Amino acid sequence: MKYIVVNIQRIAMNSILAEDEEMLVLAPIESNRFYELVEEMSSLLGSGEPDMRNRLNNLQTDYRNFLTSVLSMSAQFVEGIETSKDKLAEINLLAQHFIDYLNELTEQINQISKRNIDEIHDHLRNSFFVNLISLGTIFIAIIVALFFMERKLSRPLFNLMSFVRGLTGEEDGLSKRISLKGRDEIGELAASLNSMLDSLEKTTVSRNLLMEEVDERKQTENALRQSEETARVLLNATSDSAILIDTEGTIFAINEIAVHRLGKIKNKVVRTDIFDLFPPDIAKERKAIADKVIRSGEPIQFEDQSEGLVFNNTFYPLFDRRGKVEKLAIYSRDITDQRRAEEHQQRIEQMKLVGEWAVGLAQEIKNPLAGIKVSIEVLLEELKISTEDRAVVLKAVDEIKRIEVLLKSLLNFAKPTKLQLMIVDMNELLDQTINFSLRHPFLSSTPLKKIKVSKQFDENLPGMMVDPMQLQQVFLNLALNAIEAMPDGGMLDVKSIYDKNTDAIKIEISDTGEGIDKGMMDDVFKPFFTTKTKGSGLGLAITRRVVEQHGGVISVKSDPGKRTTFNVYLPLITSSDKEIDVISTTE
Ligand SMILES: Nc1ncnc2c1ncn2[C@@H]1O[C@H](COP(=O)(O)OP(=O)(O)O)[C@@H](O)[C@H]1O
Ligand SMILES: [Mg+2]
């Protein structure tokens, strides 16, 4: 409002205090702005201040009178009519009057403004005081509320908490009771806590008894675990398979080797029936043995074979305090290697015996036989007999020759010669021997024509330290057997392979002949075993001996009617420094 008044004054001054006529021309220019400001001010005053509003109206009238005079004078000035000094003085008077009025107005407005500001101040002061009072009231109310809350809630809760804390900390904590009386929730809580403590105290007694029992049991369990651990260590410390069963056959303990041999998972066999692990017929046999041990209280030992392995089994009885058989410990030892070694030794002994006998016999037969042969040959030359008879006699001579060959191999078998080792090209030796076998005088030529031969020789085969004469015998025996097994013809496959990893060579001789029955597999290497009318049964026996003399192994597999394969594995020996594990027979 004040700002408006100042503006009105400024405009009035600009218009009125004109000293000369030129200034008068400018006076009406701001008249519009003057009216606007007066209007604005009267609207600001609103319906209040009626006196002020009157004055504003008067001001407008004064201004209009003043402006009319000014305008008429300035029009005269524009037309070139000179303004009289009186006229100017009159206008100045009017202006003075207007200014005085304006000053009065300004003073009045200042008063109004001041009054308004005072009113606002008063109002503010009053409301601050009121607020201060209400804040204080609230503060006091809060403090009072807190005080009551502390009495009603916090303190009992705190008491309750420290009581509960005391329960856990002290020995006789459970015999204490809280004395919190009240009908509120906290009182209820305290009451139920007390009744809970009552029942807890009661159960504590039985709990203590129980704990003692548990302790005792734990001790027994520990002792049991310790003895179980000892048993477990003992069970696994042996290379035998070991199983502990009760008299019903339920497995109680089993060691790793037994689990492995059974091909089962440990957890799946413990607490199961041992007899379910065997085929019905074997299970029946085992059960009978177990029953016998339970009845007699004496251990029983027996041997059995499965999948080419030999086992020595023992059923030991374990007694309870009253001397009754309570459990059985079953031990099973793999004695395959031991049995093989025994058999090998046995064979050597057998050969030695046979050899001595054969050498004697052969020596006995050899000389008279040579005499018979010579005599027949002499007679053949001197006697004049028919060609037919001559053929018969010649046949007899042939048979004598065959007997001589047989005797030779018998002597060879019985009295093995020491190996004459030299570096040999095995492929060449094999090739020559196979070719020779195909032209062997003992073989009839008919089946030979129907036999196809395939040779696959490993070119990387290194030179080897062997006895070529002996190995020739080996290859010849195998090739002859193969050819003899294919009377209607077939395929003879010969292979040599060098295995770098095992540093050994493998000679494979296979045929598509009649094959060997499963039941005969173990017999073919035995001396004098033959299925042929004119066979000696010494071929494979000699062959195996020579291979073993070279530190090698021979094996056979046969699918009767399809294919029979003999494999000879020889360790690669390239210098004479290396000892060959020669099996001594007669020496
Ligand atoms: N390749 C083969 N195919 C079928 N049977 C064979 C073969 N090699 C050996 N045998 C069997 O093994 C037996 C023993 O062979 P061996 O010791 O060489 O004596 P022989 O040849 O004098 O019978 C033979 O009689 C034969 O029954
Ligand atoms: Mg033979």
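So, a few notes on the structure that sits alongside this text. (Residues numbered from 1 in each chain as written. Chains lettered and ligands numbered in written order. Predicted model: local features only at pLDDT ≥ 70, side-chain atom pairs only at ≥ 80, totals over all residues. Heavy atoms only, no water.)

1. A short note on the overall build of the protein chain
If you tally the helices and strands in the protein chain, you get 15 helices and 12 strands. In the protein chain, 63% of the contacts between residues at least 6 apart in sequence involve partners at least 24 apart. (Helix = DSSP H or I, 4+ residues; strand = E, 2+ residues; numbered from the N terminus. Contact = heavy atoms within 4.5 Å.)

2. Observations regarding helix 11 (residues 387-414)
Helix length check: helix 11 (28 residues) gives 40 Å between terminal C-alpha atoms against 40 Å at 1.5 Å per residue, within 8%. The set of residues buried in helix 11 consists of V397, I400, L407, L410, L411, F413 and A414. (Expected span 1.5 Å × (residues − 1). Buried < 20%, exposed > 50% of the residue type's maximum accessible area, 1.4 Å probe, protein only.)

3. Observations concerning the pairing of strand 9 (residues 490-499)
With seven bridges joining them, strand 7 (residues 451-457) and strand 9 adopt parallel strand pairing. Looking at strand 9, one finds that F457 is bridged to S496. Looking at chain direction, strand 9 and strand 10 (residues 504-511) are connected through eight bridges and run antiparallel. When the sheet's bridge partners are listed, K495 is paired in strand 10 with E508. Connecting the antiparallel pair strand 9 and strand 10 is a turn made up of four residues, with D503 showing a positive phi of about 50 degrees. (Pairing = 2+ DSSP bridges.)

4. Things to note about the packing of helix 11 against helix 15 (residues 539-549)
Interhelical geometry of helix 11 versus helix 15 gives an angle of 35 degrees and a closest axis separation of 10 Å. Relative to helix 15, helix 11 is oriented so that their crossing is left-handed. In this structure, helix 11 uses S409, N412 and F413 to contact helix 15, whose residues at the interface are A541, I542 and R545. By residue class, the composition of the contact of helix 11 with helix 15 is three nonpolar, two polar and one charged. (Axes fitted to C-alpha atoms, helices over the stretch in contact; angles between N-to-C directions. Left-handed = near helix turned anticlockwise from the far one by under 90°. Nonpolar A, V, L, I, M, F, W, Y, C, P; charged D, E, K, R; others polar.)

5. Topic: the site of ligand 1
The full set close to ligand 1 counts 17 residues, and N481, T530, T531, K532 and L540 are the nearest of them. D511 has a polar side-chain atom sitting 2.9 Å from a nitrogen atom of ligand 1. Take T530: an N or O atom from its side chain is 2.6 Å from an oxygen atom of ligand 1. Contact with the protein chains covers 95% of the free accessible surface of ligand 1, which is 530 Å². Mapped by element, the contributors of at least two residues to the shell around ligand 1 are helix 14 (468-484) and helix 15. (Near = heavy atom within 4 Å. Polar contact = N/O pair within 3.5 Å; in protein donor to acceptor, adjacent residues only side chain to side chain. Areas by Shrake-Rupley, 256 points an atom, 1.4 Å probe, with all protein chains shown as cover.)

6. Things to note about the environment of G249
By the secondary structure assignment, G249 is in the loop between strand 1 (241-246) and strand 2 (251-254). Separated by 26 residues in the primary sequence, G249 and F275 place their C-alpha atoms 6.7 Å from one another. If near-sequence neighbours (up to four positions away) are discounted, G249 is found in contact with T272, D273, I274 and F275.

7. As for the pairing of strand 12 (residues 563-571)
Both strand 10 and strand 12 contribute to a ladder of eight bridges, which runs antiparallel. Pairing of I509 across the sheet is with F566, part of strand 12. Relative to strand 12, strand 11 (residues 553-559) runs antiparallel, the two being bridged by seven bridges. Residue pairing in the sheet places S555 in a bridge with N567 of strand 12.

8. Section: the sheet that holds strand 1
The strand order 2-1-5-4-3 describes an open sheet built from five strands, whose pairing is antiparallel. The open sheet is flanked by strand 2 and strand 3 (300-306), the only strands paired with a single partner. Averaged over all adjacent pairs, the angle separating strand axes in this sheet is 20 degrees, with direction ignored. Summarising the sheet, strand 4 (residues 309-319) and strand 5 (residues 325-334) pair through nine bridges and their orientation is antiparallel.

9. Some points on the nonpolar core
In terms of nonpolar packing, the biggest core is built from 56 residues, with M426, L471 and F475 touching the most fellow members. A total of nine residues in this core trace back to one element, the largest contributor, which is helix 14. Inspection of this core shows a minimum of three residues originating in each of domain 3 (336-415) and domain 4 (418-587). When sequence neighbours within four positions are dropped, the list of residues in contact with M426 reads L461, M464, V466, L471, F475, I505 and L570. Core analysis: the next-biggest nonpolar cluster, separate from the first, contains 19 residues, A283, I289, A290 and L328 among them. (Core = buried A, V, L, I, M, F, W, Y, C linked by side-chain atoms within 4.5 Å. Domains from an automatic or database assignment.)

10. So, the pattern of salt bridges
For the structure on display, the rule yields 14 salt bridges. As a salt-bridge pair, R286 and D304 come within 2.3 Å of each other at their nearest N and O atoms. Placement of the pair is R286 in helix 9 (residues 280-296) and D304 in strand 3, with a sequence separation of 18 residues. Exposure remark for R286: the relative accessible area of 10% places this residue in the buried category. (Salt bridge = Lys/Arg side-chain N within 4 Å of Asp/Glu carboxyl O.)

Don't take any of this as a statement about function, it's just geometry.
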